[in-house]
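# Tertiary structure, described
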Amino acid sequence: MFQRSPSGRGGVSRRTALAGLAVLTVSAATGCGAGDDSGKPAAASADQRLTSTPAAERNPAPDISGETLTGEPVALADLRGKIVVLNVWGSWCAPCRAEAPHLQKVHTELRDQGVAFLGINTRDGSKEAARGFEETFSITYPSLWDPDGRELLKFKGTLPPSAIPTTLVIDRRGRVAARGLKALTEAELRSLIDPVLKEG
């Protein structure tokens with residue numbers, strides 16, 4: 001499995017090194033950060049990064065609150081009774097840019113059906129950078145300003161701290177119903193939301 005280098009010291013073969021590089025490339029392509037998959041919901045789709053939890057097994061989402069990027073107060077508790085799509089993002093994150101149009105499209109389609117979208121902006125150096133991202137992608141739903149991840153830490157066991165982007169679907173009773181640990185397509189986002197939307 002290993003070849004010796006010309007100097008006589010052990011080294012990995014070219015084939016092994018390339019395989020390792022391929023693994024790193026795939027990991028980097030799936031998101032801006034990877035994290036431990038602790039607290040994984042019960043049921044998983046073919047893509048293990050998309051998971052859903054049966055209603056009887058759901059845990060309540062933590063109370064998060066703060067200020068939006070435009071300086072207005074916001075609290076997850078104020079959205080109780082609605083389905084909430086909670087998306088963690090940063091303007092520096094390429095996969096976040098890839099999924100932003102899909103999030104906005106589904107938000108527009110479902111906002112009159114009792115589905116609220118709330119972003120959590122993290123690790124951005126300034127609100128200006130984050131607001132520039134929203135302007136670029138015509139994002140109309142609010143985002144909580146959480147540059148140091150203080151509010152994200154409340155999701156311990158549900159949100160891997162370094163997995164960005166991540167999206168949670170929270171049911172009408174304030175419980176975590178589904179999770180996506182990747183940049184989502186429109187179809188993937190709807191696959192997480194639609195079953196919760198059909199619940200009584």
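For the structure, see preceding data.
### Examining the nonpolar core
- Counting residues in each nonpolar core, the largest one holds 45 residues, and the members touching the most others are Leu-86, Phe-117, Phe-155, Leu-189 and Ile-193.
- Looking at this core, the elements that each hand over two or more residues are strand S7 (83–89), helix H2 (94–110), strand S8 (115–121), helix H3 (127–136), strand S10 (166–170), strand S11 (176–180) and helix H4 (186–197).
- When residues of this core are assigned to their parent elements, the largest contribution, six residues, is made by S7.
- In contact with Leu-86, other than residues within four places in its own chain, are Ile-64, Leu-118, Ile-120, Phe-155, Thr-166, Thr-167, Leu-168 and Ile-170.

### Describing unusual backbone geometry
- Backbone torsion omega between Ile-164 and Pro-165 reads 0 degrees, so that peptide bond is classified as cis.
- On the secondary structure map, Pro-165 appears in the loop between strand S9 (143–145) and S10.
- If you check the backbone angles, Arg-123 has positive phi at about 65 degrees while not being a glycine.
- The residue Arg-123 is located in the loop between S8 and H3 in this model.
- Here Ser-138, not a glycine, exhibits a phi torsion of approximately 55 degrees, which is positive.

### Digging into the packing of aromatic side chains
- Counting across every chain of the model gives three aromatic pairs.
- Relative to Phe-137, the ring of Phe-133 lies with its centre 4.9 Å away and its plane at 50 degrees, an arrangement referred to as tilted.
- Its relative accessible area of 21% is what places Phe-137 among the partly exposed residues.
- Joined through ring pairs, the aromatic side chains of Trp-89, Phe-133 and Phe-137 make up one cluster.

Basis of the calculations
Residues numbered from 1 in each chain as written. Predicted model: local features only at pLDDT ≥ 70, side-chain atom pairs only at ≥ 80, totals over all residues. Heavy atoms only, no water. Core = buried A, V, L, I, M, F, W, Y, C linked by side-chain atoms within 4.5 Å. Buried < 20%, exposed > 50% of the residue type's maximum accessible area, 1.4 Å probe, protein only. Helix = DSSP H or I, 4+ residues; strand = E, 2+ residues; numbered from the N terminus. Contact = heavy atoms within 4.5 Å. Phe/Tyr/Trp six-rings, centres within 6.5 Å; stacked < 30°, edge-to-face > 60°.

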